[in-house]
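# Residue-level structural notes
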Amino acid sequence: MVFRIPVTIHSIPEKFLIVCETGNETIQWLCETAYSRYIDRCNNKIPFSDFVARRSSDRSLLSMNDCVQHVLKDDEPVEIDTVKRLDDDGSFSVATDENRRVVILDGYHLKCSDLIRLSTGDYQIELPEATWNLIHKARQVVDYIIDNKKGFVHIVFKYYLCYLFIVVYGVNTGFGAFANQIIPNEKLADLQTRLIVSHCAGVGEPLSIERARMMFALRINILAKGYSGISEDTLHRIIAAFNKSCIPEIPSQGTVGASGDLAPLAHLAAGLMGVGRMWSPKTGWATASEVLAQNDLEVIEYKPKEGLTMINGTQFITSLGAEGVERAISLARQADVIAAMSTEALRGTVRHLHPRLHASRPHHGQNLVAQRLRALLTSKFHPSSISDSHFNCGKVQDAYSIRCIPQVHGISWDIIKFAQKVITTEMNSATDNPLVFTDTQEVVSGGNFHGEYPAKALDCLAIGIHEIGSLSACRMERLVNHGMSGLPAFLTLEGGLNSGFMIAHCTAAALVSENKVLCHPSSVDTISTSAGQEDHVSMGGWSARKALKVIDNVEIIMAIELLMACQAIDLLAPLKSTPPLEAIHDLVREKINSWEKDRFMAHDIKEATDIIKSGDIWTKAEPYIQEYLNWYHTKKDGEPLPKQDVHQPECIH
């Protein structure tokens, strides 16, 4: 059968009619054919590494391996886009539709970067039609259990027979230690309300609007998987509240991360019931019932099972973890750039960056960091008069804080990527309990809500990112110490009259020491709760919160090193660094003046921290790194450069 498929390429944009002669052609073939037509027509050679394809009708994501005839009808429009990747960060998302400012949640494709987008309030949420179908089928199973008082006991995984009722945990029973208490049908609606308000026991500072919005969005993504048994009506109301940015107040303390993040999620669910406080752009902070009314939304009355559906899961831990992962990726990259600046300012050698040395220990992170440093420091492609100035200086090797940057930053990078993998998997996991399986008509009770996975990953993340700050403090000691650097003491002229960066270094040391305590893993602790029913807990909520605090501190630590490195390069004038490092220096100097005499230091630290948080250091450095790599892998003097070697600059100590 011949299929004629109208294909729109969003990023260009162009539309093509692609004829599939048999229908056995794959979606990958469809995308490549449409894109090839564009290239032939425009003589454009834009590279790509991936496609994303969706049915225009319901926004469902199409697998590249699917056959056209299995997923499309004749004349059914398809929208595709191309993906360009310069690094292995996986930052592109198939969930985000930038053209419409929408994130499409189906429970399978959400990334940390998507959740950060959703935190801003600038994006709406939609669910594909196929996802709504799954949700409908799961609710039918739950309703059948409630409506039928006898028979069909095979539906239930964990059940008790009492007066011929079908008994399913979370549907018509109590909770936790009360799991054996059967609740009659006429009290099931009241059960949902009592469950939620009783679990609203959170304390402490509330989450920021952005973080609460992330947790809210992530809960919707879990419900979208279709295992929870929530009704379509209730989920439509939940999404409507999110899309109007009606955000319940959620305390930051109170979860032990065992039967999910019960207290934080209960506060989220209660707000949608009109209980507690809520914020919206239209009203500011007010009672939840008032905010919902002002935004033309009705309070939600949860149906049987929906109360438990709303509060079982790891969305507090995981949403904070997603923020931590994204910030850690940005921070680690920029730390490589700042470390390169300090290496240059301390007039370090680049001999330790030899690619064959690092290839002999083939850890991914170590080799990636070494590659970045080679691209930023002195080479034939990026010459440096600072490096040339200490040619034949007699130095044999540098201290570990310079020589071992690839090894230390490398394992930190690998830990961050490990945490990213765990958190991304958790973001797209069914962490409700019990789960509804529509294909077998089963309701199965288990322990997917346990937070051990994200808790362990975030404890590791804190340790990994801390070590970047610890190594930074070691380099700072060398920068301010005249005996180690040969630079003016504390990077200031007229020392004595000026104190320079003396106390800025103390601030960095204090934050490094604070992080040492914060890096004690909370997930090694457990306290039995719920009368011994929940006798092992993850303590993942604290893992997430302290990981973010460690990242806060390391951002400041790296900001202080950035200020010191820029000041040191100023003191080496008129000598110049490499073009990429000079570009970073100029970026900083656009906002922060050189240190000529003592002034209010805290302001400069805040400005430098804001630069780090913005990601501008990496944005400025990345094109230079890419240009270097392009140069390195192209022909030079008519011969290809050997990929196992890199140009060694004239200054080899």
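As the structure is a prediction and not an experimental result, all values here were calculated from the model. (Residues numbered from 1 in each chain as written. Predicted model: local features only at pLDDT ≥ 70, side-chain atom pairs only at ≥ 80, totals over all residues. Heavy atoms only, no water.)

### Let's talk about the overall build of the chain
Put simply, the rule reads: Per the convention used, a helix needs a DSSP run of H or I reaching at least four residues, while a strand needs a run of E reaching at least two, with both numbered from the N terminus. Three exposure classes are used, based on accessible area relative to the maximum for each residue type with a 1.4 Å probe and protein chains only: buried under 20%, partly exposed in between, and exposed over 50%. For this analysis, residues touch if any pair of their heavy atoms sits within 4.5 Å.
The helix and strand inventory of the chain stands at 23 helices and 19 strands. A buried classification covers 55% of the 653 residues belonging to the chain. At a minimum sequence separation of 6, the contacts of the chain that also span at least 24 residues come to 73%.

### Examining the sheet that holds strand S8 (residues 124-126)
Here is the rule: Any two strands are treated as partners once DSSP identifies two or more bridges connecting them.
Taken in spatial order, the three strands line up as S6-S7-S8 in an open sheet, and their pairing is mixed. The open sheet is flanked by strand S6 (96-97) and S8, the only strands paired with a single partner. Note that strand S7 (residues 102-104) and S8 share three bridges and pair parallel. Each bridged residue has a counterpart across the sheet, and for valine 103 the counterpart in S8 is isoleucine 125.

### Some remarks on helix H13 (residues 364-376)
Put simply, the test is: A helix's residues, less one, multiplied by 1.5 Å, set its expected span.
Here H13 spans 19 Å end to end across 13 residues, near enough to the 18 Å set by a 1.5 Å rise per residue. Counting buried residues in H13 gives ten out of 13 residues, a clear majority hidden from the surface. For H13, every residue scored as buried is listed here: Gly365, Gln366, Leu368, Val369, Ala370, Arg372, Leu373, Arg374, Ala375 and Leu376. Considering only its buried residues, H13 is in contact with helix H11 (315-345), helix H12 (355-359), helix H16 (405-427), helix H21 (579-589) and helix H23 (616-632).

### What to know about H23
Threshold: At every residue, the bend is computed as the angle between two fitted axes, covering the seven residues ending there and the seven beginning there respectively.
Relative to the 24 Å expected for 17 residues at 1.5 Å per residue, H23 spans 25 Å between its end C-alpha atoms, a close match to the ideal helical length. Considering bend angle alone, the principal kink of H23 is centred on glutamate 622 and spans about 30°; proline proline 623 follows within four residues of it. Of all the residues in H23, the buried ones are Ile617, Trp618, Ala621, Ile625, Tyr628, Leu629, Trp631 and Tyr632.

### Describing empty space enclosed by the protein
As a reminder, the rule being used: Every definition here rests on a 1 Å grid over the protein atoms only: cavities are sets of points where a 1.4 Å probe fits but cannot get out, pockets are open sets enclosed by protein on both sides within 12 Å along at least five of seven lines, and lining residues have some atom within 4 Å of a point. Grid points are joined across faces, edges and corners, and a volume is the space filled by probe spheres set on the points. Classes in brief: Ala, Val, Leu, Ile, Met, Phe, Trp, Tyr, Cys and Pro nonpolar; Asp, Glu, Lys and Arg charged; the others, Gly included, polar.
Summed over all chains, the structure comprises four cavities of 30 Å³ or more. Considered as a void within the structure, the second largest cavity measures approximately 50 Å³ in volume. For the lining of the second largest cavity, a count of residues per class yields five nonpolar, three polar and three charged.

### Focus: the packing of aromatic side chains
For clarity, the threshold we go by: Any Phe, Tyr or Trp ring, taking Trp's six-membered ring, that has another such ring centre within 6.5 Å forms a pair; planes under 30 degrees apart are called stacked, those over 60 apart edge-to-face, and the others tilted.
Counted by the stated rule, this structure contains seven aromatic pairs. Residues phenylalanine 216 and phenylalanine 242 carry aromatic rings whose centres are separated by 5.4 Å and whose planes lie at 90° to one another, so their mutual orientation is edge-to-face. Here phenylalanine 216 is found in helix H6 (residues 209-223), whereas its partner phenylalanine 242 is found in helix H7 (residues 232-243), with 26 residues between them in sequence. Across this residue pair, the class does not change: phenylalanine 216 and phenylalanine 242 are buried. Aromatic pair phenylalanine 381 and tyrosine 628: ring centres 6.4 Å apart, planes at 65°, arrangement edge-to-face. One end of the pair, phenylalanine 381, is in the loop between H13 and helix H14 (385-389); the other, tyrosine 628, is in helix H23, with 247 residues separating them in the sequence.

### Let's talk about the sheet that holds strand S15 (residues 284-287)
Read across the sheet, three strands follow the order S12-S14-S15 without closing on themselves; strand pairing throughout is antiparallel. The strands lining the two open edges of the sheet, one partner per strand, are strand S12 (247-248) and S15.

### Observations concerning unusual backbone geometry
Cis peptide bonds are those with omega within 30 degrees of zero, and the linkage from asparagine 433 to proline 434 qualifies with -5°. Here proline 434 is to be found in the loop between H16 and strand S16 (435-437). Along the chain, alanine 573 connects to proline 574 via a cis peptide bond; the corresponding omega equals 10°. Here proline 574 shows up in the loop between helix H20 (540-571) and H21.

### Let's talk about the pairing of strand S14 (residues 277-280)
What you see with S14 is a clean split: Met278 and Ser280 sit on the buried side and Arg277 and Trp279 on the side with no burial. Hairpin connection from S14 to S15: three residues lie between these consecutive antiparallel strands.

### Notes on the environment of proline 128
Secondary-structure assignment places proline 128 in the loop between S8 and helix H4 (129-147). On the basis of relative accessibility, which here comes to 4%, the residue proline 128 falls in the buried class.

### Topic: the nonpolar core
Quick note on the threshold: Put simply, buried Ala, Val, Leu, Ile, Met, Phe, Trp, Tyr and Cys residues joined by side-chain atoms within 4.5 Å make one nonpolar core. Note that domain bounds follow an automatic or database assignment of domains.
Formed by 145 residues in total, the largest nonpolar core has its most connected members in Leu127, Ile220, Leu235 and Ile238. Three or more residues apiece are contributed to this core by two domains, here domain 2 (97-312) and domain 3 (331-527 + 536-634). Excluding anything up to four places from it in sequence, isoleucine 220 contacts Leu105, Ile125, Leu127, Leu235, Ile238, Ile239 and Phe242. Membership of the second largest hydrophobic core comes to 22 residues, among which are Leu30, Ala53, Val68 and Val71.

### Observations regarding the pattern of salt bridges
Operational definition: Salt bridge, as used here, is a side-chain nitrogen of Lys or Arg placed within 4 Å of a carboxyl oxygen of Asp or Glu.
The full count for this structure, using the stated rule, is 22 salt bridges. Note that arginine 117 is salt-bridged to aspartate 114, the shortest N-O span being 3.1 Å. With a gap of three residues between them, arginine 117 and aspartate 114 both fall in helix H3 (residues 112-119), about one helical turn apart. Between glutamate 323 and arginine 211 there is a salt bridge; the shortest N-O distance is 2.7 Å. On the criterion of sequence distance, the pair formed by glutamate 323 in helix H11 and arginine 211 in helix H6 is long-range, its members being 112 residues apart. The structure contains a network of salt bridges with shared partners spanning Arg211, Glu323, Arg327, Asp552, Glu555 and Lys613.

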